[in-house]
Amino acid sequence: MRRELTETQLLGIWEAGTGQAPPARALLLAAAAAPPGTAVADLTLADLNELLLDLREESFGPALPCATECPGCDEPLEVSVATDELRTCGRRTVPGPRPHPSATLLAEGYEVTYRALTGRDLLAVDAASPDARRALLSRCVVGAEPAAEVLPDVVLEALAQRLAELDPGADTVLPLSCPHCRHTWTAALDVAGHLWAEVEGYARRLLHEVHALARGYGWSESDVLTVSPARRRFYLEATAG
Ligand SMILES: [Zn+2]
């Protein structure tokens with residue numbers, strides 16, 4: 001299935017996501033890559049990442065430029081990451097909402113049944129709240145024996161350690177090494193945040209093009225969007241004289 005964003009779709013996503021929190025933006029993007037009618041909020045984080053990587057690849061190509069800093073020597077580092085390096089389980093087709101994978105954990109005398117995090121969990125928790133991590137982890141708890149209104153932090157942290165096993169690909173982590181000091185480390189890459197920044201950059205450039213061509217030729221926005229990027233470049237150069 002082809003998941004490349006059209007420019008009209010891209011502008012629609014940018015407009016709908018502007019002013020929204022990151023989880024809402026991630027779901028807007030994932031919905032563009034999912035089969036029509038998919039309840040993307042109910043997909044696990046690994047499934048969401050898979051859709052976002054598909055969308056990134058089809059729309060902007062498989063190489064993600066990333067800028068970071070070496071924690072060993074503070075040198076700035078620019079690397080290009082292939083989308084496939086971020087697919088923990090290899091390329092796969094997201095099956096659509098499935099029963100949330102769940103597992104059981106024994107910690108501190110509790111037997112806790114927990115499930116994988118979904119997009120809906122991220123939407124429900126205010127990431128800026130000091131209690132965000134605890135709130136998110138608590139949402140994964142399906143049941144506890146003995147029953148507890150509030151589980152101790154140490155139990156929730158043990159659960160946090162297990163979530164990656166339950167939903168491989170929920171965290172996209174990159175192995176990095178510094179060519180200056182040979183330091184090696186891993187860094188988390190926020191696929192949705194990365195893709196959102198690209199969508200935003202593209203939308204802003206496109207709207208500037210619409211503005212310039214509308215002024216130069218009297219075209220409407222929809223007129224401009226029917227002209228291919230290569231032809232638009234030609235007309236823009238021509239109007240610039
Ligand atoms: Zn270094």
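None of the values given here were measured: they were computed from a predicted structure.

Draft legend 1. Summary view of the coordination of the zinc ion. Binding of the zinc ion to the protein goes through C70 (SG), C73 (SG), C178 (SG) and C181 (SG), at separations of 2.3 Å. Geometry at the zinc ion is tetrahedral, judged from the four donor atoms that bind it and their angles of 105 to 113 degrees at the metal. For the zinc ion, all donor residues lie on one chain, and their spacing in sequence is C-x2-C-x104-C-x2-C. In this pair, C70 is assigned in the loop between β1 (63–69) and β2 (76–82) and C178 in the loop between β6 (173–177) and β7 (184–188), connecting sequence segments 108 residues apart. Of the two residues, C70 and C178, neither departs from the other in class, the shared state being buried.

Draft legend 2. View of the domain arrangement of the protein. In terms of domain boundaries, the protein breaks down into domain 1 (7–93 + 172–240) and domain 2 (102–166). Centre-to-centre, using C-alpha coordinates, domain 1 lies 31 Å away from domain 2. Contact residues are listed per partner, giving nine residues for domain 1 and seven residues for domain 2. Three residues, P23, A41 and L45, lead the burial of domain 1 against domain 2; their summed loss comes to 56% of the area buried on that side. If you look at where domain 1 meets domain 2, you find one salt bridge. As a salt-bridge pair, D42 and R120 come within 2.8 Å of each other at their nearest N and O atoms. In this structure, the connection of domain 1 to domain 2 is made through five residue pairs in polar contact (both at pLDDT 80 or more).

What counts, and at which threshold
- Just so you know, the residues in each chain are numbered from 1, in the order the chain's sequence is written.
- Local features in this predicted model are restricted to residues whose pLDDT is 70 or higher, and side-chain atom pairs enter the listing and the counts only when it is 80 or higher, whereas totals over whole chains, interfaces and linings include all residues.
- Working from all heavy atoms in the structure, the side-chain values ignore hydrogens and water.
- Keep in mind that water is not among the atoms, so a site may look incomplete; donors are the N, O and S atoms within 2.8 Å of the metal, or 3.2 Å for Na, K and Ca.
- In these descriptions, tetrahedral denotes four donors with every angle between 85 and 135 degrees, square planar four donors and octahedral six donors with opposite donors over 155 degrees apart and the rest between 65 and 115, and irregular any other case.
- Counting from the N terminus, the helices are the DSSP runs of H or I reaching at least four residues and the strands are the DSSP runs of E reaching at least two.
- Only protein chains enter the accessibility calculation, which uses a 1.4 Å probe; a residue whose area is less than 20% of its type maximum is buried, one above 50% is exposed, and one in between is partly exposed.
- What fixes the domain bounds is an automatic or database domain assignment.
- Note on definitions: a residue-residue contact is assigned when non-hydrogen atoms from the two residues lie within 4.5 Å.
- Buried area: the accessible area, evaluated with a 1.4 Å probe, that two parts lose upon being put together, summed over both parts.
- By convention in these notes, a salt bridge is any Lys or Arg side-chain nitrogen within 4 Å of a carboxyl oxygen on Asp or Glu.
- We define a polar contact as two N or O atoms separated by no more than 3.5 Å, with the added condition that, inside protein, one atom must be a possible hydrogen donor and the other a possible acceptor, whereas residues neighbouring each other in sequence contribute only through side-chain atom pairs.

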